Amino acid sequence: QVQLVESGGGLVHYGGSLRLSCAASGSKFGIYALGWYRQGPGKQRELVATITRGGRINYGDSVEGRFTISRNNAMDTVYLQMDSLKPEDTAVYYCWADSGATMAGRSKYWGQGTQVTVSS
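All values reported here derive from a predicted model rather than from experimental measurement.

(A) Quick peek at the overall build of the protein. Of regular secondary structure, the protein possesses zero helices and 11 strands. Listed N to C, the secondary structure of the protein is β-β-β-β-β-β-β-β-β-β-β in terms of helices and strands. In summary, the protein has a C-alpha radius of gyration of 14 Å against a globular reference of 14 Å for 120 residues, a match within 12%. Projected onto its principal axes, the C-alpha positions of the protein cover 50 × 25 × 20 Å. Taken over 120 residues, the protein has a buried fraction of 44%. The contacts in the protein between residues at least 6 apart in sequence include a share of 54% that link residues at least 24 apart. Carbon and sulfur atoms make up 48% of the accessible area of the protein, which amounts to about 6,500 Å² in all. Each charge class in the protein was averaged separately, 12 positive and 9 negative side chains, and the resulting centres sit 6 Å apart.

(B) Expanded view of the packing of aromatic side chains. Within the structure shown, the criterion is met by three aromatic pairs. Aromatic side chains Tyr94 and Trp110 sit 6.4 Å apart centroid to centroid with 90 degrees between the ring planes, which places their arrangement in the edge-to-face category. Of this pair, Tyr94 sits in strand 9 (residues 91-98) while Trp110 is found in strand 10 (residues 108-110), placing the two residues 16 residues apart along the sequence. By relative accessible area, which is 15% here, Tyr94 ends up buried. Judged by its relative accessible area of 41%, Trp110 falls in the partly exposed class. Members of the aromatic cluster, connected to one another through ring pairs, are Tyr37, Tyr94, Trp96 and Trp110. The ring centre of Tyr94 lies 3.8 Å from the NZ or CZ of Arg45, which sits over that ring. The ring of Trp110 has Arg45 lying over it, and the distance from NZ or CZ to the ring centre is 4.5 Å.

(C) Quick look at the layout of surface pockets. Here the largest pocket is characterised by a volume of approximately 190 Å³. Surrounding the largest pocket, 13 residues form its lining, Val2, Lys28, Phe29, Ala104 and Tyr109 being those nearest its centre. Of the residues in the lining of the largest pocket, the class split is four nonpolar, eight polar and one charged.

How each quantity is defined
Residues numbered from 1 in each chain as written. Predicted model: local features only at pLDDT ≥ 70, side-chain atom pairs only at ≥ 80, totals over all residues. Heavy atoms only, no water. Helix = DSSP H or I, 4+ residues; strand = E, 2+ residues; numbered from the N terminus. Rg over C-alpha atoms; globule rule 2.2 N^0.38 Å. Buried < 20%, exposed > 50% of the residue type's maximum accessible area, 1.4 Å probe, protein only. Contact = heavy atoms within 4.5 Å. Areas by Shrake-Rupley, 256 points an atom, 1.4 Å probe, with all protein chains shown as cover. Lys, Arg positive; Asp, Glu negative; His and termini not counted. Charge placed at Lys NZ, Arg CZ, Asp CG, Glu CD. Phe/Tyr/Trp six-rings, centres within 6.5 Å; stacked < 30°, edge-to-face > 60°. Lys NZ or Arg CZ within 6 Å of the ring centre and 35° of its normal. 1 Å grid on protein atoms, 1.4 Å probe; cavity = no way out; pocket = protein on both sides within 12 Å on 5 of 7 lines; lining within 4 Å. Points joined across faces, edges and corners; volume = space filled by probe spheres on them. Nonpolar A, V, L, I, M, F, W, Y, C, P; charged D, E, K, R; others polar.

Next up, the structure:
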């Protein structure tokens with residue numbers, strides 16, 4: 001069973017920066033894709049960014065150009081550098097993992113979530 005442990009959330013002022021980290025453990029085959037989703041107050045969960053083992057990146061429209069996702073494949077760790085933060089970025093940020101196709105099938109996992117609050 002894959003476990004995802006997030007860190008780095010907190011309170012920041014408008015225009016500030018934060019860096020989130022998420023470490024995946026327990027995978028026998030490595031992790032195909034890692035990423036972040038978020039859910040703001042009264043909103044649906046939405047894509048922030050994902051990155052595959054091969055480095056293919058996908059950003060949500062609302063964060064492209066301000067957020068940068070990166071990954072350490074050897075440690076199955078993903079990072080999210082968030083710059084130029086806005087109050088509308090306030091949300092619980094969830095780490096996400098996709099095992100990809102393995103002999104045991106394909107599975108997706110979620111972390112517990114970390115709160116990011118941006119004050120105006």
